[in-house]
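Topology and contacts: notes
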Amino acid sequence: MKLKFLIPLVLFVILVVFLAMGLNRDPQEIPSPLINKPAPAFEIPQLSETNQTFSPASMKGQVWILNVWASWCVACREEHPVLVELAKSKVAPVIGLDYKDKREDALAMLAKQGNPYLLSAFDVNGRVGIDYGVYGVPETYVIDKAGMIRFKHIGPITMNILNQKIYPLISELQKS
């Protein structure tokens, strides 16, 4: 008879423990299986130069940042001024990946708010985003000189994240 009451109590305690563990995690730090792995290869058209393509292979030998964004993304607009500041710092090239967007909308947004990107690749159908494991936009990756993904951030980049995580990591990666 006691066993009937003990089993639900144990299950309830286990459920509470898992819930508490989940609540203590930062939702923007979802572990990525791509960390310390080569950045997925692709070659797609550029957003503004439609007759030119972009491939991560062209960035080998330098530390760079890949920022996945879209004009329809509210959080991307929130993040945009921080990306403009990042680009002004010239610590590393910032490449955009315009994700599932309309070309004219993306170009209009960059014209209006400023363009922090060295260039933007145009991922119209989202295939590149799938290869990178994009959950949603914005997402930002730091890629080292050998083409390995060293950092992934989900959600808008803030000045705090730039100063505490991205700038120190870029500085460390550029030394090696």
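Residues numbered from 1 in each chain as written. Predicted model: local features only at pLDDT ≥ 70, side-chain atom pairs only at ≥ 80, totals over all residues. Heavy atoms only, no water.

**Focus: a nonpolar patch on the surface**
How we decide: Only residues above 30% relative accessible area that lack a salt bridge enter a patch, with like-charged residues linked at up to 9 Å and the nonpolar side chains Val, Leu, Ile, Met, Phe, Trp and Tyr linked at up to 5 Å. Only the protein chains shown count as cover for residues, with accessible areas throughout obtained via the Shrake-Rupley method and a probe of 1.4 Å. Put simply, a salt bridge is a Lys or Arg side-chain nitrogen that is within 4 Å of an Asp or Glu carboxyl oxygen. Counting from the N terminus, the helices are the DSSP runs of H or I reaching at least four residues and the strands are the DSSP runs of E reaching at least two. Only protein chains enter the calculation, and the probe is 1.4 Å; a residue is then buried if its accessible area is under 20% of its type maximum, exposed if over 50%, and partly exposed in between.
Nonpolar side chains collect at one region of the surface, where Leu6, Ile7, Leu9, Val10, Leu11, Phe12, Val13, Ile14, Val16 and Val17 lie side by side and expose about 890 Å² of accessible area between them. Tracing the backbone shows Val10 in helix α1 (residues 2–23). Classification of Val10 by relative accessible area gives partly exposed; the value is 42%.

**A few points about the packing of helix α2 (residues 74–89) against helix α5 (residues 159–175)**
Note the threshold: Axes here refer to lines fitted to C-alpha atoms; in helices the fit is confined to the stretch in contact. Angles between the N-to-C directions go from 0 to 180 degrees. Here is the rule for angles: anything less than 35 degrees is roughly parallel, anything more than 145 is roughly antiparallel, 65 through 115 is roughly perpendicular, and the remaining ranges are oblique. Should the near helix be turned anticlockwise from the far one by less than a right angle, the crossing is left-handed, and should it be turned clockwise, the crossing is right-handed. Working rule for contacts: check all heavy atoms of both residues, and any pair within 4.5 Å makes them a contact. Each residue gets one of three labels, nonpolar for Ala, Val, Leu, Ile, Met, Phe, Trp, Tyr, Cys and Pro, charged for Asp, Glu, Lys and Arg, and polar for the others, Gly among them.
At their nearest, the axes of α2 and α5 sit 10 Å apart, and the two run at 40° to each other. Looking at the two axes, α2 sits oblique to α5. Seen from above, α2 lies across α5 with right-handed handedness. Counting all contacts with α2, which are made through Val82, Glu85, Leu86 and Ser89, the residues of α5 involved are Met159, Leu162 and Tyr167. Its residues assigned to classes, the contact of α2 with α5 shows five nonpolar, one polar and one charged.

**So, the state of the cysteines**
Condition: The disulfide criterion used throughout: a pair of cysteine sulfur atoms within 2.5 Å.
Evaluation of the coordinates by the stated rule reveals one disulfide. Between the sulfur atoms of Cys73 and its disulfide mate Cys76 the distance is 2.5 Å. Its torsion about the S-S bond being 85°, the disulfide of Cys73 and Cys76 is classed as right-handed. By relative accessible area, Cys73 is classed as buried at 4%. With relative accessibility at 2%, the residue Cys76 sits in the buried group.

**Section: the nonpolar core**
Operational definition: Remark: nonpolar core denotes a set of buried residues (Ala, Val, Leu, Ile, Met, Phe, Trp, Tyr, Cys) joined through side-chain atoms within 4.5 Å.
Counting residues in each nonpolar core, the largest one holds 47 residues, and the members touching the most others are Tyr132, Val142 and Ile166. Elements represented by at least two residues in this core include exactly β3 (64–69), α2, β4 (94–99), α3 (103–113), β5 (119–123), β6 (139–143), β7 (149–154) and α5. Discounting chain neighbours no more than four positions away, the residues touching Val142 are Val63, Trp64, Ile65, Met148, Ile149, Arg150, Phe151, Ile166, Leu169, Ile170 and Leu173.

**Description of the sheet that holds β4**
The test is simple: Each pair of strands is called paired provided DSSP finds at least two bridges between the two strands.
Pairing is mixed across the open sheet formed by five strands, whose spatial order is β5-β4-β3-β6-β7. Lying at the two open borders of the sheet, with one neighbouring strand each, are β5 and β7. With direction set aside, neighbouring strand axes in the sheet form an average angle of 20°. Examined bridge by bridge, β3 and β4 share five bridges and lie parallel to one another. Across the sheet, the residue bridging to Ile65 is Val94, located in β4. On top of the sheet, α2 reaches β3, β4 and β6; it is set at about 160° to β3, its chief contact. Helix-sheet contacts for α5 involve β3, β6 and β7, and the interaxial angle to β7 is about 165°.

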